[in-house]
Every structure is written in structure tokens, then in C-alpha cells.
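Summary of structural features
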Amino acid sequence: MKATRYATSRQKVCQHCSAAKAKCDRKEGRCTSFPAGELFCPINVDRISNRWLNSYIPIPGQQIKNYPATVTAFIYRILKSYVAVTIHGRGVPPFVHYSQTVAASIRPPLSACLSLVRICEKPLPGSQDATADVLQREMGNLYEQHRTFDDVTLLAAFQAYLIYSMVLFFRLNQVSNPFLRQAIMNLQDLACSSSRGGLMCIAEQQRSRPRWEPWVAAEAKRRTLFTMYLFDSVLSSQDGAHTFLGTELQGLPSSSNKSLWRAQTRHEWEMAYNIDLADWPGGSFRIDELWPIPADLDEHGVLERRNRVDQWLENVDEFGTMLYAVTSSSEEPYSIFDKRQKALILFLVSTAATFSGFASNIYFPALPTIAHDLNVSIELVNLTVTCYLVFQGIAPSLWGPVSDVKGRRVAYCCTFLVFLGACVGLAKTRNYATLIVLRCLQSTGSASTIAIGSGVIGDITTRADRGGFMGIFQAGLLAPVAIGPVIGGVLAGSLGWRSVFLFLTIYSAAFLLLLILLLPETLRSLVANGSRTPSSPVTRYPLFIYQKVTSVEWNPEAAPSQPAARKHIDVTGPFRILVSRHAAPIIVFLAIYYAVWQMSITAMSSLFQESYGSSETQIGLTFIANGVGSMVGTFVTGKILDADYRSVKNKYEAHLTQAHVEAGDSSERSATDMEDNFPLEKARLRLVPVFSLIQCLSIILFGWAIQYPDQVHIAVPIVSTFITGWTVISTQSVVMTYLVDIFSDRSAAASASLNLARCLFAAGGTSFVMPLVNSIGVGLAFTICAIIQAAALLGVAVQWRLAPKWRREAERQKRQA
């Protein structure tokens, strides 16, 4: 039978192996064999071999590691240093014990590896691929034969395979080599096979002293396993994929203290282990004690864990220090609210935002009836729409800054009380003057719910998932666009137009009670990521309930002990954002598109009544297409925004991390560059021109279809309103998400500035749309609107080209201030 290169020869039997009737491979005192019964495996090792599948097939309870880019770069450098030490022959990586390299006990897989990687020390130009082929053949041989190895040789093979893989990646630049991905799968299979032989000594579990040889094997396995997981994190970052917390390792001891690992003799090690047993009467320190603190751990448990971490840090070696640096640098959750809690918050703020739309759209079908009942012209009634839009633009400029300083709950309660009082008055109005004044007051109360809701979304989401949340939020606030006119048409046609405001009175009173009971405070200057409990009862309830029941793991001690610096209410903030050069072009662009949309909606009631002879109820039904298009657009766009952002972010982080590591830049500079140079415009705005051009075509279709009602069926302009609603709200969702991203600390003010511009433009547009239509015709009027929209695309071009530079300058000035 042909012997393999890793066959071991039989040598003198030591006393321990002779008594156990086991095969001994070395002289007494250097024996690396031990009875299989001395080790056991406390974890499910099959999850190690299947770890590469986690990105494709999620398993229950898996958690994404939230490593900042600087930590990924730190891991990269540390692992790269292990490779450098090995190939230069200056030592071995800290997961290989010194006793494994002694000539009398070194196993062939590890011996061959430590010799073979030396050829990478000074590779000749162009020889990297040939050198990589040599290592790959050696790795193939190792993997093919690993099932024939005994436990100690299998450990050596596992360590050698890991070293080979890291040399390929860090030294031979085989980053894009498909072999490396297959090698990682094989490496995880080797890890599984080696771990199955035991990762702990039975004596360790029983809190007694094991023999030196099996302890060395178990400790070396664990260290190699931990290193493999860190290497997997680096590879995943390079590929732009998620990496997950190794929950399958829960319960394993962490790396041992340096006295045990560096002991040179059995006697020295036994003395150190006796001291270690006395120091840890409650059990050895586990790797999962370095993970995020579970949410259900009480104050005593948190304190005990911190004390154990401090005690462990007193005597760890460099490898343990590195493990602590990596795990402690994992970011605290951006928000402690779990998925169900975020869904409830999103439902509440989206419902709150419907009031602005309901108060506006429920009113449209009743415009002709109100004009007749109050004995005024339709132009004067349309003026109430204009006034509503004016105050809809101005009011958030007040309430937005209030919510950014005093809190979201306070702002919501105040605005809903104003809205409720206005609705009561409108239900009793008898003259035109009262109608227009109370409509302005009603707009003051309802309009700010959108700005405050955008602030809440900014509080609880990161850039990576904000697009999806904003999409759902926009869909919620647009539901009234679809059903508001239907309700308004039915109520005005059956119970009179005043019943519309009676409905809004009941609706707002019921929801205000629900809001007070269920919506927690989210303003980050008051509650941080939700982990700080304010002293004020208004903001304290129901936040403390959310903190108790959340499933997100968070550290109560990580929250700042002192409140963040309180900001002052800055009413001019939205106006400054509006005129800032890195926001003004995109805001003006959207304002024009929004104005044209509102002009078409405002004109719909009169145009459909005059051209097609529609009744109030029928007019209400025609608004459904516009509303449904708006909701569909924002749902789809939200998903696309998240996918685009993740794609751009992953590629950018992988590229920048690699570049900074190779250049040797400091971690601090890397973090700054990650924030300043991120191509946010590319991640957010690249769909805007597509939506814009489609909207221009739909507006032209709407105008010319109504121009010839005898020749064009009413379904054609209705379908065009679906397309218009879909495209304009998709564009609005993109732009609003972009503004919240660049003004994350003033998200409500940013939303208010956008609201101010679009409402003022819409107010101007709705005030002259009917005179324009009456003078030149509906087809030509909306064609002119489409031409203006096309010209407004210049703002997007300016934003794409110049805003990144302007934004970086503004951020640098802010940091220097």
C-alpha cells in the first residue's frame, strides 16, 4: 500500500500511552497522543461546516455582525501580520502552540506548511500564480486525506489549511480566485471534523485540571476556530456579503490566559492551571461573554459579566486582546426597537400622516357643492385649496424644529389638538370667510404630521434600511389620495359637505388617544437609540415598556449617562436647508414636479364634471387610480432604494477598506473617508430621471385626452393619473430619503424644508391652473407644464455633479466648528 506524505512512523512508547494501550508517536514528555475520552464537543459542529450557507439560507436566531469599517480593517491587518510572521520564519501564528512545532512532536501537515510557505517570502515578479498553484495542490492533498488522520494530525491539517488560505489571500493576492471560495468551504469542513474530536477537556468542564497534552490540543483547536471565523468576516466584507455572529460557538471557553498558553514545561503549566482554577471558581470565561449583552439580563447580571470580562483581560495574551478589541468594537444597535416594534411605530406615524392627505383630498369632490352652497365662484373655493397648501408648506417649518428639540410625542399632541379644533369649527361653518380661515388652521395642524413622521423614521432607521421604511411611510400618507376623494364624494353627496369635517373630527379624536397610548418617544437627543429613559412622564411612557419587551440585544450601560446637549428650537432651520446649495437644486426640482401633480388633481373635479358630466360620487371614484398609483410607486421604490444602497455601500466599503489597508492609512482617517466620500447621490438619485420623463409623458397624455372628451374615453385620463401618481411619489420618496440621509440630525427640519418648497409651488400652480386651462385649453396648458418639468431636470444634473463636493465641504466645516 502506497504511503501518503503525511504518514507517521511508530517510535518509542511513552509510559502514559503504554498504560492506555494506545499508539504513541513520540518520546516520553513529548507525546501528543491521548485517549479519545479526554475530550468532548459541547456544540453542534455541523453548523460550522454549513456556515458558508448562512448568507443564502438564513437560520432562526442568526445575527448580522455590525462591524464598523475600521474594525474590519483592524482584523485585516492582524491576520495579515500572522501571515507575515509565518512566511518570514519569525514564529508561528498565535493559534499554533509552541509544543506543536518542536521537532520531536510536529505533525507532517503543519511541518510541511511551515516550510512550504517560506517560498512566498520573496516571490519573483510574475511568480505569484505559480506559487499559488503549488499551495493549492498541497491544500487539495490535505483535504482529500483528512478523514484518515488521527485527532492530533487532523488539528495540524486544519491549522495548515487555514495558514495556506490566508497566504493565498493576503500574500499572493488571490482575492478573486474561485478556488479561495471553495477553500473556505473545505476549511469549514475541516474545522467541523477537527471540532468533532473534541473542543474541551472533560476535566475542564468538571473544574479539575486536565493533562497538558489534551488541553493544548483543545485550546489550539479553539484558537484556530476563532481565527477562521475572523478570516471569514474579512472575506465576506471583500465580497460585500453579510457575516454572522458565531452563535454555534456559544458555551466554548475563550482563549486562555498567557501563563497557560506560554508555559514551557508541564510543571510550569500545572502550577499556572492550579492558579487559574482558584481564580475562576464559577467556571472558565466563555467566548459568548464577549458578545452583546442580552436584553433580558438584569442589572446584577450585567455587572457580573463586566467583572468577569475585566478579570479575564488582566492576564490574556495578544490573541485574547485582539478578540476583545474586535468584539467590543461591534457597534451598539442604532435602535433598540425590534422589528415588531418598528412595524407598530411605522404604522402609527404612517396613519398620522394620512390626516394631511385626508384633510386635503377628501375636500376635492365637494368643491362644486361648497361653491353652490356658499354662493361663491369655483375660483374662490379653489382659493381655499391654495391657502391650505400655503399653510401646509409653512406650518412644518415651525412644528418640525419643535419636534427636533422637544420630542416627537409633544409635537404630535400639539398638532393634533390644533387639527381637532379646526375640524369642529369647519363642521359648523356658515360663510366663506370662516371656511378659509379654519382651512388654514386645519392645514397648520395636519401638515406637520409628515415632517414629524419623517423625523421618527430617521430616528429608528439607518441609511441601509431607510428607503424601505420611507417607502411604506409614503404609501401610508398617500392612502387618502386613493380613498379620501371616494369618502368625500359619498359623504358630500349623501349627508352634505359639512359631514366631511365631522368625519375628520371623529377620526382625529380616536387616533390622538391611540397615539398617546402606543407611540414611544424616539428623538435621539432625548432617548439616544431608545435605551435612555427620560425623566419626563410625557416622554417616559410608553418607552420603558418597549425597552422591557424588545428582542434586540443592547447594553443598558452603553447609553450615555447624561442627556445629550439640548438644541434650541430653530424656526429658520428649514429655510436655511431650503437655500443651502447642496440641497436647493433637488428640492426645487421636486417642488416643480409636485406642483404640476397638484395642478392636475385640483383641476380633475371641474374638468371631469365639465367634459364628461361626472357626478360627485363618480368624480370621487376617478381619484382612486391616482392614489393607487402613488401607493404602488412608493412601495416598489422603497425596496429598490434599499437594494441600490446596499449594493453601492458593499462595493464601496470593500474597495475603500482594501485601499486603505494597502496604503497603511490610520483607522480614523478611514472612518472619515467612508462617511465623506460615500457616493450617496449614486445610491439614491439614479432612478430620478427615469421617473421624471415618464411623468412628463403622462401629464401630456392627461391634458390632451381631456381636450377631446368626445373622441377619448374617460379611462385614458384616469390611467394617466395612475402613472402620474406612481412616478411623482416615487420621485418624492427618493428625494425625501436622500434629504433625511444628508440631514440626519435635522430630519424633521429637512422634511419641512421640502414640504415648504413643494407646497408653495403647488399653491401657486393651483391658483392659476383653471384660468390657464380656460384661456389656452387643457391640452396646451399641461404640455407647457411638461416642458417646464423637463427643464427642471437640470436641478438633478447639478445635484449629481456638484452636491457631493458641496456636502463634503459642509461636513468638514461642521467638524471644525
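Residues numbered from 1 in each chain as written. Predicted model: local features only at pLDDT ≥ 70, side-chain atom pairs only at ≥ 80, totals over all residues. Heavy atoms only, no water.

Attention now goes to the overall build of the protein chain. On a plain count of helices and strands, the protein chain comes out with 33 helices and two strands. Taken over 817 residues, the protein chain has a buried fraction of 56%. For the protein chain, the share of sequence-separated contacts (at least 6 apart) that also reach a separation of at least 24 residues comes to 82%. Accessible area of the protein chain: about 33200 Å², with a carbon and sulfur share of 60%. (Helix = DSSP H or I, 4+ residues; strand = E, 2+ residues; numbered from the N terminus. Buried < 20%, exposed > 50% of the residue type's maximum accessible area, 1.4 Å probe, protein only. Contact = heavy atoms within 4.5 Å. Areas by Shrake-Rupley, 256 points an atom, 1.4 Å probe, with all protein chains shown as cover.)

Another aspect to go through is the packing of helix α16 (residues 378-405) against helix α19 (residues 448-460). Following both chains from N to C, one finds α16 and α19 inclined at 30°, their axes separated by 8 Å at the closest point. Classified by the angle their axes make, α16 and α19 are roughly parallel. The interaxial crossing formed by α16 with α19 has right-handed handedness. Along the contact surface, α16 presents A395, P396, W399 and S403, while α19 presents S448, A451 and I452. Tallied by class, residues from the contact of α16 with α19 come to five nonpolar, two polar and no charged. (Axes fitted to C-alpha atoms, helices over the stretch in contact; angles between N-to-C directions. Parallel < 35°, antiparallel > 145°, perpendicular 65-115°, else oblique. Left-handed = near helix turned anticlockwise from the far one by under 90°. Nonpolar A, V, L, I, M, F, W, Y, C, P; charged D, E, K, R; others polar.)

If you look at the biggest cluster of nonpolar residues, it comprises 122 residues, and the most contacted ones within it are V349, Y412, I586, F589 and L739. For this core, the element with the most residues is helix α26 (residues 584-612), which contributes 17 residues. Discounting chain neighbours no more than four positions away, the residues touching Y412 are V349, A352, T449, I452, G453, V456, L515 and L519. Residues V71, A132, V234 and V316 belong to the second largest nonpolar core, which totals 71 residues. (Core = buried A, V, L, I, M, F, W, Y, C linked by side-chain atoms within 4.5 Å.)

Summed over the entire model, instances satisfying the criterion amount to 25 aromatic pairs. Ring centres of Y594 and W597 lie 5.6 Å apart, and the angle between their planes is 70°; this geometry places the pair in the edge-to-face category. Of this pair, Y594 and W597 both sit in helix α26, three residues apart, roughly one helical turn. A residue is classified by how much of its surface remains accessible, and Y594, at 6% relative accessible area, is buried. Three or more aromatic residues link up through ring pairs in this structure, and these residues are F355, Y412, F416, F419, F503, Y507 and F511. One cation-aromatic arrangement involves R758 over Y594; the distance from NZ or CZ to the ring centre is 4.5 Å. (Phe/Tyr/Trp six-rings, centres within 6.5 Å; stacked < 30°, edge-to-face > 60°. Lys NZ or Arg CZ within 6 Å of the ring centre and 35° of its normal.)

What follows covers the pattern of salt bridges. Going through the model one piece at a time under the given rule, you end up with 20 salt bridges. Among the salt bridges present, the one from R223 reaches D317, with a minimum N-O distance of 2.9 Å. Remark: D317 occurs in the loop between α12 (299-313) and α13 (318-328) and R223 occurs in helix α9 (residues 212-239); sequence separation between them is 94 residues. Here R223 and D317 have matching classes, each one buried. Residues E289 and R308 are paired through a salt bridge, measuring 2.5 Å at the closest nitrogen-oxygen approach. With E289 in the loop between α11 (266-279) and α12 and R308 in helix α12, the pair connects residues that are 19 residues apart, well separated along the chain. In this structure E289 comes out as buried when scored by relative accessible area, which is 5%. With a relative accessible area of 14%, R308 lands in the buried category. Beyond isolated ion pairs, a larger network of salt bridges with shared partners links E204, E219, R222, R223 and D317. (Salt bridge = Lys/Arg side-chain N within 4 Å of Asp/Glu carboxyl O.)

In this section: the packing of helix α17 (residues 408-426) against helix α21 (residues 498-518). One can describe the packing of α17 onto α21 by two numbers: an axis separation of 8 Å at closest approach and a directional angle of 160°. Classed by the angle they form, the pair α17 and α21 counts as roughly antiparallel. Judged by the twist between their axes, the crossing of α17 over α21 is left-handed. Of the residues in α21, those touching α17 at R409, Y412, C413, F416, L417, F419, L420, C423, V424 and L426 are F501, L504, T505, S508, A509, F511, L512, L515 and I516. Of the residues assigned to the contact of α17 with α21, the class counts are 16 nonpolar, two polar and one charged.

In this model, helix α14 (residues 339-361) (23 residues) spans 32 Å end to end at C-alpha, consistent with the 33 Å of a helix rising 1.5 Å per residue. Counting buried positions along α14 gives 18 out of 23 residues, so the element sits mostly inside the fold. Two to three positions downstream of the cap, the backbone nitrogen of R340 sits 3.2 Å from a side-chain oxygen, assigning the N-cap of α14 to D338. (Expected span 1.5 Å × (residues − 1). Polar contact = N/O pair within 3.5 Å; in protein donor to acceptor, adjacent residues only side chain to side chain.)

A cis amide bond links Y541 to the next residue, P542, at an omega of -5°. By the secondary structure assignment, P542 is in the loop between α23 (537-540) and α24 (543-549). Phi is positive for A528, close to 55°, though the residue is something other than glycine. Here A528 is to be found in the loop between α22 (524-527) and α23.

This model, assessed by the stated rule, comprises zero disulfides. We note that C41 lacks a disulfide partner, and the nearest cysteine sulfur, in C192, lies 8.3 Å from it. Residue C41 is classed as partly exposed on the basis of its relative accessible area of 25%. (Disulfide = S-S within 2.5 Å.)

For the rest of this paragraph, the subject is a nonpolar patch on the surface. Where nonpolar side chains cluster on the molecular surface, the patch consists of L344, F347, L513, L514, L517, L518, Y541, I545 and V549 and spans about 750 Å² of accessible area. Residue assignment for the nonpolar patch shows that the elements contributing at least two residues are α14, α21 and α24. No other element matches α21, which puts four residues into the nonpolar patch. Looking at the element boundaries, Y541 is found in the loop between α23 and α24. (Patch = residues over 30% accessible without salt bridge, like charges linked within 9 Å, V, L, I, M, F, W, Y side chains within 5 Å.)

The next point concerns the environment of R746. The residue R746 is located in the loop between α31 (715-742) and α32 (747-776) in this model. Looking at R746, the relative accessible area reads 31%, which means it is partly exposed. Along the backbone, R746 and G458 are 288 residues apart, and their C-alpha atoms lie at a distance of 9.0 Å. Apart from the residues lying within four places of it in its own chain, the contact partners of R746 are D404 and I577.

Turning our attention to the side chain of S403. Assignment of secondary structure puts S403 in helix α16. For S403, a relative accessible area of 0% corresponds to the buried category. A distance of 3.1 Å separates polar atoms of two side chains, one belonging to S403 and the other to R408.

Looking now at the confidence of the model for the protein chain. Across the protein chain, the average pLDDT comes to 80, with 85% of residues at or above 70. Between residues 1-32, whose pLDDT stays under 50, and residues either more than four places distant or in other chains, the model counts 54 contacts. With pLDDT under 50 throughout, residues 665-672 is counted as low confidence; its partners more than four residues away or in other chains account for 10 contacts. (pLDDT = per-residue confidence, 0-100.)

Taking 1.5 Å of rise per residue, 28 residues should cover 40 Å, and α9 covers 41 Å from first to last C-alpha, within 8% of that figure. Burial analysis of α9 places 27 of its 28 residues in the buried class, which makes it a mostly covered element. Backbone geometry just after α9 places G240 at a positive phi near 70°.

Here we take up the environment of V418. Along the polypeptide, V418 turns up in helix α17. V418 sits in the partly exposed class, given a relative accessible area of 24%. The spatial distance from the C-alpha of V418 to the C-alpha of G445 is 5.0 Å, given a sequence separation of 27 residues. Filtering out sequence-adjacent residues up to four positions away, V418 remains in contact with W399, L441 and G445.

Moving on, we come to the environment of G489. Here G489 is to be found in helix α20 (residues 463-494). Under the relative-accessibility criterion, G489 is labelled buried at 1%. Sequence separation between G489 and L621 is 132 residues, and the spatial gap between their C-alpha atoms is 8.1 Å.

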